[in-house]
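# Coordinate inspection notes
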Amino acid sequence: MSRIGRMPIAIPAGVTVDIAENNKVTVKGPKGTLERVLPAEMSIKVEDAHVVVSRPNDLKRMKALHGLTRTLISNMVTGVTQGYEKVLEINGVGYRAAKQGKKLVLSLGYSHPVEMMDPEGLEAVVENPNKIVIKGIDKEKVGQYAAEIRDKRRPEPYKGKGIKYADEVIRRKVGKTGKKK
């Protein structure tokens, strides 16, 4: 048995979980609603304030899908109750971020400012010119948008300039040394 897949998911107060045909799971909570179609092979049941996922057999693919399905539902429940956030830091002289309505404007040393629109259901908050916080209820979308922002100027290993995650460690390299005669 999958150790993760076996664990029941507790449904907090104020959250409703509906399972339609073809394993379409809808989770409603205080922060919003999330929908997702999960693998049809898994059987998902709501039993007295818990969601239980079980698999039909012990094939390798079923074992993998078992843990995945349970984790996806768990992430949906966490998203509608607490939400998710990713923190990005901008390092470099003259590198900064600003917010104009729903538009994120990044100055990253290019000849032009980089402009990005917040996707539906996500919010980018600029806490100071060097710190961006992406907030939302869908873990996948939050991570994807954070990755897209980071891609605009990835951190480089010599001076550490660029956009990095707050918990990311950049492996630094030693630069060139002077020529000896």
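To keep things clear, this report deals only with the structure shown in the data block. Position numbers for residues count from 1 along each chain, tracking the sequence in the order it is written. The predicted nature of this model means local features are confined to residues of pLDDT at least 70 and side-chain atom pairs, given and counted, to a pLDDT of 80 or more, with totals for whole chains, interfaces and linings taken over all residues. Neither water nor hydrogens contribute to the side-chain values; these are computed over all heavy atoms in the structure.

### Looking at the overall build of the protein
Assigned secondary structure in the protein consists of 3 helices and 13 strands. Throughout, radius of gyration means the C-alpha value; the globule benchmark is 2.2 Å times the number of residues raised to the power 0.38. Computed over the C-alpha atoms, the radius of gyration of the protein is 21 Å, more than 25% above the 16 Å expected from 2.2 N^0.38 for a compact globule of 181 residues. Counting only C-alpha atoms and orienting by the principal axes, one finds that the protein spans roughly 75 × 45 × 25 Å. Remark: exposure states derive from per-residue accessible area (1.4 Å probe, protein chains only) relative to the maximum for the residue type, with buried under 20%, exposed over 50%, and partly exposed in between. With 181 residues in all, the protein has 35% of them scored as buried. Look at the contacts in the protein between residues 6 or more apart in sequence, and 50% of them connect residues 24 or more apart. Helix and strand definitions follow DSSP, with helices as H or I runs of at least four residues and strands as E runs of at least two, each counted in order from the N terminus. Residue contacts are defined here by distance: any two heavy atoms, one from each residue, within 4.5 Å place the two residues in contact.

### Points about helix α3 (residues 139–151)
Residue pairs three or four apart in sequence face the same way in an α-helix, which turns once every 3.6 residues. Residue count minus one, scaled by 1.5 Å, sets the expected span of a helix. Here α3 spans 18 Å end to end across 13 residues, near enough to the 18 Å set by a 1.5 Å rise per residue. For α3, the full list of buried residues reads Val142, Tyr145, Ala146, Ile149 and Arg150. One face of α3 carries all of its buried residues, which in axial projection span an arc of 140°. If you follow the buried residues of α3, they end up packed against β7 (84–91), β9 (103–107), β10 (114–117), β11 (122–128), β12 (131–136) and β13 (162–165). We call two N or O atoms a polar contact when they sit within 3.5 Å, provided that within protein one can donate a hydrogen and the other can accept it, with sequence-adjacent residues counted only if both atoms are side-chain atoms. Between the side-chain oxygen of the N-cap and the backbone nitrogen of Glu140 there are 3.1 Å, and the N-cap of α3 in question is Asp138. When we speak of the arc, we mean the arc of directions from the helix axis to the C-beta atoms.

### Some points on the environment of Val80
Mapped onto the elements, Val80 comes out in helix α2 (residues 60–81). Under the relative-accessibility criterion, Val80 is labelled buried at 0%. If near-sequence neighbours (up to four positions away) are discounted, Val80 is found in contact with Val15, Val27, Lys28, Gly29, Pro30, Lys31, Gly32 and Leu34.

### Overview of the side chain of Arg55
Looking at where Arg55 falls in the secondary structure, it is placed in the loop between β6 (50–54) and α2. A polar contact of 3.1 Å, which involves the side chain of Arg55, links it to the side chain of Asp58. A polar atom in the side chain of Arg55 sits 3.1 Å from the side chain of His66.

### Notes on the pairing of β9
When DSSP finds two or more bridges between two strands, those strands count as paired. Pairing analysis gives 5 bridges linking strand β8 (residues 96–100) to β9, with the strands arranged antiparallel. Among the inter-strand pairings, Gln100 is bridged to a residue of β9, identified as Lys103. Connecting β8 to the next strand, β9, in antiparallel fashion are 2 residues, including Gly101 with a positive phi near 65°. Pairing of β9 with β10 involves 4 bridges; the strand directions are antiparallel. The residue of β10 that forms the bridge with Lys103 is Met117. The hairpin turn running from β9 into β10, its antiparallel successor, is 6 residues long, and Gly109 in that turn takes a positive phi close to 85°.

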